[in-house]
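Results of the structural survey
So you can see what is in the structure, the chains are spelled out below.
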Amino acid sequence: MFQPYAVCLDMRYYSGPMATPDRQDMPPPIPVITLDGPAGSGKGTIAALLAERLGWWLLDSGAIYRVAALAALHRQLVLDDEQALAALLESLQIRFEQGRAFCNGEEVTAAIRTPACSDATSRISALPAVRRGLLALQRSFRQAPGLVADGRDMGTVVFPDAGLKVFLTASPEVRAQRRLKQLSEQGIGANLSGLVQDMRARDERDANRAIAPLRPAADAVIINSDTLAPEQVLELILSRQREV
Ligand code: DC
């Protein structure tokens, strides 16, 4: 007897070979631009400008690691106890709203930027269980119409299928000068050669850590921002995005 076509489409009644979906029928993936690089390369500023220009969502993945570290400090966890940290992550509700950060409903925007929190963040972010525990949350930021993802391993680990991957870098001297300016704007004195040394030590540690080391994805566009103003970096990235 003739089977109506609509019945054949209902998989409960379909006994023929399974069709392989035609790639052309699948919706295109939500676009992502990843922006990775060391501290002081200017990627936070560029990522925010880029997201605004494109009207896309912004993921500041460093802020996610910072909120987790702050919660670990508040609960007085041992900062290399992977099991305790993994359990902690499951109990956290991390949320961002117009540049403000919230953890379990409490605002933590300023608290995640203190030196003590930066130090704790750098320690916990080196642990595999922490990186694994924060992966799904980071990926959940991929929403239409698109995402600009700022971090260290956005192009290599979190969004390996991103359409455009940028690795933004600058020399330790230029990054130290930018940091010095930031600190003096906050009324904090510092010494340039000490900051250059800190940058070099941190680069070495970040590039050589066992998990998610800081390095450009094989298909990343590398931009050195030493002699470029933020607007120029932005234009370079936008022109590459138009080619994608
Ligand atoms: O970008 P930031 O300075 O806010 O990052 C804070 C810390 O988190 C820094 O030590 C690097 C780490 N981090 C990371 O390991 N992976 C990311 N994707 C983002 C930040």
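Relevant structure appears above.
The structure contained in this document is the topic of the report that follows.

Definitions and cut-offs
Residues numbered from 1 in each chain as written. Predicted model: local features only at pLDDT ≥ 70, side-chain atom pairs only at ≥ 80, totals over all residues. Heavy atoms only, no water. Helix = DSSP H or I, 4+ residues; strand = E, 2+ residues; numbered from the N terminus. Buried < 20%, exposed > 50% of the residue type's maximum accessible area, 1.4 Å probe, protein only. Contact = heavy atoms within 4.5 Å. Areas by Shrake-Rupley, 256 points an atom, 1.4 Å probe, with all protein chains shown as cover. Lys, Arg positive; Asp, Glu negative; His and termini not counted. Charge placed at Lys NZ, Arg CZ, Asp CG, Glu CD. Near = heavy atom within 4 Å. Pairing = 2+ DSSP bridges. Polar contact = N/O pair within 3.5 Å; in protein donor to acceptor, adjacent residues only side chain to side chain.

Turning our attention to the overall build of the protein. Within the protein, the regular secondary structure consists of 11 helices and 8 strands. A principal-axis box enclosing the C-alpha atoms of the protein has dimensions of 85 × 45 × 35 Å. Within the span of the protein, comprising 244 residues, buried residues form 38% of the whole. For the protein, the share of sequence-separated contacts (at least 6 apart) that also reach a separation of at least 24 residues comes to 71%. When the accessible surface of the protein is split by element, carbon and sulfur atoms take 55% of a total near 14,300 Å². Between the mean site of the 27 positive side-chain charges and the mean site of the 28 negative ones, the protein shows a separation of 1 Å.

Taken together, 15 residues lie near the ligand, and S61, R66, R131, R152 and D153 sit nearest. Notes on the ligand: free accessible area 440 Å², of which the protein chains cover 90%. Every element with two or more residues in the shell around the ligand is listed here: α3 (61–74) and α5 (115–124). Among the elements that make up the shell around the ligand, the one with the highest residue count is α3 (4 residues).

Right, let's get into the pairing of strand β6 (residues 147–151). The buried fraction of β6 is high, at 5 of 5 residues. Neither face of β6 is open: one carries L147, A149 and G151, the other V148 and D150, and all of them are buried. Of the pairings in the sheet, the one linking strand β1 (residues 32–36) to β6 comprises 5 bridges and is parallel in character. If you follow I33 over to β6, its bridge partner there is V148. Judged from the 4 bridges that link them, strand β2 (residues 57–60) and β6 form a sheet pairing that is parallel. By the bridge assignment, W57 is partnered in β6 with L147.

Summarising the element assignment, R131 is placed in helix α6 (residues 128–133). Polar contacts involving the side chain of R131 include one to the main-chain carbonyl oxygen of S125, which spans 2.6 Å. Ignoring anything within four residues of it in the chain, the contact list for R131 reads Y65, S125, D153, R209, I211 and A212.

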